[in-house]
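Each chain is listed here by its residues.
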Amino acid sequence: IVYFGLRVVRGLVRRRFSRLAERTRFAFDDVLVETLGQTHSFTFVAAAIYFGSLGLVFGGRVHEYLSRGFVLVLLVQLALWANHALRAVLERYRHDESLGPGRRTGLAAIGFVGRLVLFTLVFLLVMENLGIHVNTLLAGLGISSLAVALALQNILGDLFASLSIVFD
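## Looking at the packing of helix H3 (residues 41-53) against helix H4 (residues 62-94)
Alright, step 1. Interhelical geometry of H3 versus H4 gives an angle of 155° and a closest axis separation of 10 Å. In terms of orientation, H3 and H4 fall into the roughly antiparallel class. You can see that H3 and H4 cross each other, and the crossing is left-handed. From H3, Phe 42, Thr 43, Ala 46, Ala 47, Ile 49, Tyr 50, Phe 51 and Ser 53 reach across to H4, where they touch His 63, Leu 66, Ser 67, Phe 70, Val 73, Leu 74, Val 76, Gln 77 and Leu 80.
Alright, step 2. For the contact of H3 with H4, the residue count by class is twelve nonpolar, five polar and no charged.

Structure representation (structure tokens):
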């Protein structure tokens, strides 16, 4: 029941937003409709299993495992939504005829860095949800990235100066 209910709700929300998107000239609502269309069936299956199990009595730590699994599936779905939204927004800007090759390259770099940050964040959240403490990992990464940044100070300065020129 939960599975089919979520699919019906997704269809209703997509139709409502698509009608709204047709009446406006903003790109945000078009991206939202496209992103909602990227909801995968495994998310609905995981939600159905999790909410169906709430009324059952299991021995041991089954509910804990089911809730962690559901959170993991939600994190993956959120990452897929964010990735699709980022890609759709960048594609809309990339198809603009007034953009030069330097700006197109800058958009590609922004897309790469954005996806790198997104999936790194999701990876850390997944590890934290699995019970792995990432505090020491983040502290070690902070110290090592500081050492690398000091070693590559001139190169990073040139890189940021070129990005500043591209965006100006």
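## As for the confidence of the model for the protein
Low pLDDT marks stretches whose predicted atomic positions should not be read closely.
Alright, step 1. Averaged over all residues, the pLDDT of the protein is 84; the fraction at 70 or higher stands at 100%.
Alright, step 2. Within the protein, no element has a lower average pLDDT than helix H2 (residues 27-36), which sits at 78, and none a higher one than H3, at 89.

## Focus on the environment of Asn 135
Alright, step 1. Inspection of the secondary structure assignment puts Asn 135 in helix H6 (residues 135-151).
Alright, step 2. A residue is classified by how much of its surface remains accessible, and Asn 135, at 58% relative accessible area, is exposed.
Alright, step 3. Once the C-alpha coordinates of Asn 135 and Leu 124 are considered, the two residues, eleven residues apart in sequence, prove to be 9.9 Å apart.

## Things to note about the packing of helix H1 (residues 2-23) against H3
Alright, step 1. Axis separation between H1 and H3 bottoms out at 8 Å; the angle between their running directions is 135°. Of the possible angle classes, the one that applies to H1 and H3 is oblique. The interaxial crossing formed by H1 with H3 has right-handed handedness. Between H1 and H3, the contacting residues are Val 2, Tyr 3, Leu 6, Arg 7 and Arg 10 on the first element and Ser 41, Phe 44, Val 45, Ala 47, Ala 48 and Phe 51 on the second.

## A look at the pattern of salt bridges
Alright, step 1. Using the criterion set out here, one finds two salt bridges in the structure.
Alright, step 2. Arg 61 serves as the salt-bridge partner of Glu 64, at 3.2 Å between the closest nitrogen and oxygen.
Alright, step 3. The exposure class assigned to Glu 64 is partly exposed, which follows from its relative accessible area of 29%.
Alright, step 4. Judged by its relative accessible area of 49%, Arg 61 is partly exposed.
Alright, step 5. The residue Glu 64 makes a salt bridge to Arg 68 at a minimum N-O spacing of 3.4 Å. Of this pair, Glu 64 and Arg 68 both sit in helix H4, separated by four residues, roughly a single helical turn.
Alright, step 6. Since its relative accessible area comes to 28%, Arg 68 is described here as partly exposed.
Alright, step 7. A single salt-bridge network, built from bridges that share partners, covers Arg 61, Glu 64 and Arg 68.

Analysis parameters
Residues numbered from 1 in each chain as written. Predicted model: local features only at pLDDT ≥ 70, side-chain atom pairs only at ≥ 80, totals over all residues. Heavy atoms only, no water. Axes fitted to C-alpha atoms, helices over the stretch in contact; angles between N-to-C directions. Helix = DSSP H or I, 4+ residues; strand = E, 2+ residues; numbered from the N terminus. Parallel < 35°, antiparallel > 145°, perpendicular 65-115°, else oblique. Left-handed = near helix turned anticlockwise from the far one by under 90°. Contact = heavy atoms within 4.5 Å. Nonpolar A, V, L, I, M, F, W, Y, C, P; charged D, E, K, R; others polar. pLDDT = per-residue confidence, 0-100. Buried < 20%, exposed > 50% of the residue type's maximum accessible area, 1.4 Å probe, protein only. Salt bridge = Lys/Arg side-chain N within 4 Å of Asp/Glu carboxyl O.

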